[in-house]
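# Working through the structure, step by step
Here is how the chains run, residue by residue.
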Amino acid sequence: MSRLVMLFIIFVAFTGCKDESLENSIFNIQASTDHLIAEQIFNDLDRIIEEACRFTGINKKKNPINEYPKWLVQDADTSNHDTLTIDFGDVPGVLYHGKMRSGKIITFFNGDYRNKGSVFSTIISEENRYQVSGNSITGSRIIENKGSNNGGNIYFSIEVESAVVKTSEGSINWSSSYQKEWINGNDTYDNIYDDRYLVNGTSNGNARNGDEFDVNISQNLHIDLSCFDNIIGGYTIKKGEAIISRSGYTERILSYGNSCDYNVSVTTEGNTRIITLN
């Protein structure tokens, strides 16, 4: 075999490996996918807890219903700090907001969601056995009504700490620090479908493949509850962008689109892939 042919073969083999490595680097979207899964699960708690408060009456005027999920409000002490338990029953649970859910969500609160200073602390421990679509969920989520901002809109701080989503393919670890502004619908309490929110903030975590990641919302996420349906649920983040960074990889841009679908695009180095959530 001539030297020229041998050099050509080595060149092809080398560049072929290089292209494959580059492609895998460009299209590795595990961290992006896992961030979106965790974000969706903990965003869904808003709708679940809000609906529970409506059915039970925030001032404990109604009894819980007899079918799952069951809602129960209990006094934790005499200062009006109460405990809300949402029980989806044992596995396999019930279909609720488009997903099979089982186990319990425990929330401690001290007032109406709309009142300044109200704090809703949701604790999901292993003992609660809360599952979504067969995935075990643990972690804490604290949302506090901070009052009105300079624009006259109610806004909230939302902190998620030590969240873990255990799947059959490994665990997602996730924490976030978000701020949510209520820009429409706060005067129509009995109608959630005209509610609109703007969300900004940061999050971080570990993907199922072990990749660490940091996320920064670069363009406000627009939450639009006209996208929501009590039966099938719905992905309520209608538009916005976030930047996800990982050591050793180029930044990814997450674009939430501009419609009520479950598709989020991931773009890096001019290449785009679509993640479809469910």
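In this report, we go over the structure that sits alongside the text. (Residues numbered from 1 in each chain as written. Predicted model: local features only at pLDDT ≥ 70, side-chain atom pairs only at ≥ 80, totals over all residues. Heavy atoms only, no water.)

## Some points on empty space enclosed by the protein
What counts here: Cavity means a closed set of points on a 1 Å grid over the protein atoms alone, one where a 1.4 Å probe fits but cannot get out, pocket means an open set with protein on both sides within 12 Å along at least 5 of 7 lines, and lining means a residue has an atom within 4 Å of a point. Grid points are joined across faces, edges and corners, and a volume is the space filled by probe spheres set on the points. Helix and strand labels come from DSSP, where a helix needs a run of H or I of at least four residues and a strand needs a run of E of at least two; each type is numbered from the N terminus. We call Asp, Glu, Lys and Arg charged. Ala, Val, Leu, Ile, Met, Phe, Trp, Tyr, Cys and Pro are nonpolar, and the rest, Gly among them, are polar.
Summed over the entire model, instances satisfying the criterion amount to three cavities of 30 Å³ or more. In this model, the largest cavity occupies a volume close to 200 Å³. What lines the largest cavity is a set of 20 residues, among which Gln40, Phe42, Asn43, Asp44 and Ile223 lie closest to the centre. Only helix H2 (30-56), strand E9 (154-167) and strand E10 (170-184) provide two or more residues apiece to the lining of the largest cavity. The residue makeup of the lining of the largest cavity, split by class, is ten nonpolar, five polar and five charged. Empty space within the second largest cavity amounts to approximately 110 Å³. If you trace the second largest cavity, you find it lined by Leu45, Asp46, Arg47, Ile49, Glu50, Cys53, Tyr113, Phe120, Arg141, Ile143 and Tyr189.

## Focus on the state of the cysteines
The condition that has to hold: Note on terminology: pairs of cysteine sulfur atoms within 2.5 Å are recorded as disulfides. Each residue gets one of three labels from its accessible area relative to the maximum for its type: buried under 20%, exposed over 50%, partly exposed in between, using a 1.4 Å probe on protein chains only.
Inspection of the entire model under this criterion finds one disulfide. Between the sulfur of Cys227 and that of Cys260 lies a disulfide, 1.9 Å long from S to S. In this structure, the disulfide formed by Cys227 and Cys260 twists by about -60° around the S-S bond and is classed as left-handed. Placement of Cys227 in the loop between strand E12 (212-224) and strand E13 (237-245) and of Cys260 in the loop between strand E14 (252-255) and strand E15 (263-268) is noted, with a sequence separation of 33 residues between them. Taking relative accessible area as the criterion, Cys260 reaches 43% and is therefore assigned partly exposed.

## Topic: the layout of surface pockets
Rolled over the atoms, a probe sized like a water molecule indicates the empty space that remains. Approximately 270 Å³ is the volume attributed to the largest pocket. Of all the secondary-structure elements, those providing two or more residues to the lining of the largest pocket are H2 and strand E16 (271-276). A total of four residues in the lining of the largest pocket trace back to one element, the largest contributor, which is H2. Each residue belonging to the lining of the largest pocket can be placed in one class, and the counts come to five nonpolar, eight polar and three charged.

## Considerations on the nonpolar core
As a rule of thumb, nonpolar side chains are buried together in soluble globular proteins. Rule in force here: Among buried residues, those of type Ala, Val, Leu, Ile, Met, Phe, Trp, Tyr and Cys that are joined through side-chain atoms within 4.5 Å constitute a nonpolar core.
Ranked by internal contacts, the top residues of the largest apolar core, which has 58 residues, are Ile86 and Tyr256. Looking at this core element by element, the count peaks at ten residues for H2.

## A word on unusual backbone geometry
Residue Tyr68 is joined to Pro69 through a cis peptide bond whose omega torsion reads 0°. Cis geometry is adopted by the peptide bond preceding Pro92, which originates at Val91 and carries an omega value of 10°. Following the sequence through the fold, Pro92 ends up in the loop between strand E2 (82-87) and strand E3 (94-96). For His97, which is not glycine, the phi dihedral falls at a positive 55°. Structurally, His97 is set in the loop between E3 and strand E4 (99-102). In this structure His97 comes out as buried when scored by relative accessible area, which is 6%. Residue Ser133 is not a glycine yet carries a positive backbone phi of 55°. Within the secondary structure layout, Ser133 lies in the loop between strand E7 (131-132) and strand E8 (135-148). Among the residues examined, Ser133 registers a relative accessible area of 44% and is labelled partly exposed.

## Quick notes on the packing of aromatic side chains
Within a pair of aromatic rings, the relevant descriptors are the distance that separates the centres and the angle that separates the planes. Heads up, the condition is: Put simply, two rings from Phe, Tyr or Trp (the six-membered ring, in Trp's case) pair if the centres are within 6.5 Å, and we call them stacked under 30 degrees between planes, edge-to-face over 60, tilted for the rest.
Within the structure shown, the criterion is met by eleven aromatic pairs. Taking 6.1 Å as the distance between ring centres and 75° as the angle between the ring planes, the aromatic pair formed by Tyr113 and Phe120 counts as edge-to-face. Ring geometry for Phe156 versus Trp182: centroids 6.2 Å apart, planes at 40°, classification tilted. Placement of the pair is Phe156 in strand E9 and Trp182 in strand E10, with a sequence separation of 26 residues.

## Points about the pairing of E9
Counted only if it meets this: Strand pairing requires that DSSP identify at least two bridges connecting the strands.
By the criterion of burial, E9 is predominantly enclosed, with ten of the 14 residues buried. As paired strands, E8 and E9 are joined by ten bridges and run antiparallel to one another. From the neighbouring strand, Ser136 faces E9, where its bridge partner is Lys166. As consecutive antiparallel partners, E8 and E9 are separated by five residues, and within that stretch Gly152 has a phi angle of approximately 85°, a positive value. In this sheet, E10 lies alongside E9 in antiparallel orientation, the contact comprising eleven bridges. Paired with Val164 across the two strands is Asn173, which belongs to E10.

## Some thoughts on the side chain of Ser265
Here is the rule: Whether two residues are in contact is decided by their heavy atoms, any of which lying within 4.5 Å being enough.
Secondary-structure assignment places Ser265 in strand E15. The exposure class assigned to Ser265 is buried, which follows from its relative accessible area of 16%. Excluding anything up to four places from it in sequence, Ser265 contacts Ile253, Leu254, Ser255, Thr272, Arg273 and Ile274.

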